[in-house]
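What the coordinates show
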Amino acid sequence: MASRVMTTVARRARRSLLQARHSHALALPDERFQRFNSPVPKDVDHTMVLGTPETKVTTLPNGLRVASETNASAETATVGVWIDAGSRFESAETNGTAHFLEHMFFKGTENRSIRQLEEEIENMGGHLNAYTSREQTTYYAKVMKKNVNNAVDILSDILQNSTFDEQRIERERDVILREMQEIEGVVSEVIFDHLHATAFQYTPLGRTILGSADNVRNISKANLKEYITKHYTGPRMVVAAAGAVNHDELVKEVEKSFKNLSTDPTSAAELVEQHPAIFTGSEVRIRDDDMPLAHFAVAVKGASWTDPDSIALMVMQTMLGGWNKNAGAGKHMGSELAQKVGANGLAEDVMAFNTNYNDAGLFGVYATCKPDTIDDLCYVIMHEFGRLIYRVDQDDVARARNQLKSSLLLHLDGTSAIAEDIGRQLLTYGRRLPLAELFARIDAVDADTVKRVASRFIYDKEVAIAAMGPIQELRDYTWFRRRTYWLRY
């Protein structure tokens, strides 16, 4: 009898234990969901991109290309001029000329005073803007569909007939110097300028876009005109438009308006070959203990626009991802870097970047953190860098592919973004890649591809580092260099 009682008690205890374990298991989510957004990501179906509008391209006798994407239901349009020229094509003495021109092109022409120019744009309810980068310069207008021809006329006028009044030039110097002071207050801009300066030192790509203060004070009208004559040529320019535009009408208007362009066939690629971007493993550190946060960027030499592995690097950038303290996410993000940074409170902001140029690039991570977490943050960043070489999960790659394709689609939301995409791709690729082709290239990237590309660009390669702030605890160059490979895995 005692034996039966003990057996019954044991069964009940065992049953209670199993029930408790089962209840506990139900209370906890699947650990796969704790780690990822989705345990088994699938490639998103993007077959709808096959139905995207056609990009029509026409090349005029002077070499100028006219490209457009028409949206019949749109009421507005963006039309602009993309020029294959930026700060990279300046000398050390004239560095800042391309950006100076960006300011001066809105200061009056032979046909329009500065007041007439501003009033004409405002009266049509339009928006006229420009920007300068290291390799390209852009001038564009966003207008109602009935004013597309007016926008083309204005753009052609400012690019071909600007007067560059001496008094305006002197006045604009002070404007640019104030702009330089404002940018010096944006630490991320300063860090990336220093990163380029140390990574591509003694080459034009290492110079800033705005130039030095001394250059801004000394750039002359002759410098501005010389830059236009040499670089604003038909073969190096693209008129791109998107939205409510008719391609044939646009071509006629452009051909009528852009008559005074040089037909010099010298391409930007030929000029780049004369002064190529040479990557130098190096660092620049600016210690300032009065700053509340440490800022630093670490990068390896990346790919050019036309490099076959540039798409894989885009996927790898997405895999590394980013994290911001204000976003409130972290441990449930797909990025291992974001998980570790967010769960352990290692940074205020972390961002992977992948910058492409004509013959080179920069691939790396930018971070902002408190001084007492900088050591652990460095370890996490370099560990995730190395993991791309050795340990790549196919689910992580699939998730990154989906995120990359979605971000590309979201970026193309609006006529200005589409026109920018057309102009940039025609300058960098010589054509606009259809979304279906671009997505197919992205889908071709798998775990093995990531490992191969990481081995090519990261494994045992030199790094460039730029840092500013209370960075006394930032690891030295040799430490970073050593962690571009693992001795065991």
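Treat the numbers as computed from the prediction; the structure is a model and nothing was measured.

Considering the packing of aromatic side chains
Aromatic rings in a pair are described by how distant their centres are and how their planes are angled relative to each other. The tally for this structure, following the rule as stated, stands at 13 aromatic pairs. Between the aromatic rings of tyrosine 227 and tyrosine 232, the centroid separation amounts to 6.2 Å while the plane-to-plane angle is 70°, which identifies the pairing as edge-to-face. The same class applies to tyrosine 227 as to tyrosine 232, namely buried. Here the aromatic rings of tyrosine 390 and tryptophan 486 are separated by 5.1 Å at their centres, their planes lie at 20°, and the arrangement is stacked.

Considerations on unusual backbone geometry
Non-glycine residue tyrosine 202 carries a positive phi angle of around 65°. Tracing the backbone through its elements, the reader meets tyrosine 202 in the loop between α7 (187–199) and α8 (213–218). A positive phi angle, near 55°, is found at aspartate 460, a position not held by glycine. Inspection of the secondary structure assignment puts aspartate 460 in the loop between α18 (447–457) and β12 (464–469).

Remarks on the sheet that holds strand β11 (residues 361–369)
Taken in spatial order, the six strands of this open sheet run β7-β12-β8-β11-β10-β9, and their pairing is mixed. Each end of this open sheet is capped by a strand with a single partner; those strands are β7 (282–287) and β9 (322–324). Within this sheet the neighbouring strands show an average axis-to-axis angle of 15°, counted without direction. Where strand β8 (residues 294–301) and β11 come together, eight bridges link them in antiparallel fashion.

Observations regarding the pairing of strand β2 (residues 65–70)
The two faces of the sheet receive side chains in turn, since in a regular strand these alternate between them. Most of β2 is tucked away, with five of its six residues classed as buried. By the bridge criterion, five bridges tie strand β1 (residues 55–59) to β2 in an arrangement that is antiparallel. Within β2, the residue paired with lysine 56 across the bridge is serine 68. Hairpin connection between β1 and β2: a loop of five residues separates the two successive antiparallel strands, and glycine 63 in this loop has a positive phi of roughly 95°. Here β2 pairs with strand β6 (residues 237–243) via six bridges, running parallel. From the neighbouring strand, threonine 70 faces β6, where its bridge partner is glycine 243.

Criteria and cut-off values
- Residues numbered from 1 in each chain as written.
- Predicted model: local features only at pLDDT ≥ 70, side-chain atom pairs only at ≥ 80, totals over all residues.
- Heavy atoms only, no water.
- Phe/Tyr/Trp six-rings, centres within 6.5 Å; stacked < 30°, edge-to-face > 60°.
- Buried < 20%, exposed > 50% of the residue type's maximum accessible area, 1.4 Å probe, protein only.
- Helix = DSSP H or I, 4+ residues; strand = E, 2+ residues; numbered from the N terminus.
- Pairing = 2+ DSSP bridges.
- Axes fitted to C-alpha atoms, helices over the stretch in contact; angles between N-to-C directions.

Scope: geometric values only; no functional claims are made or implied.
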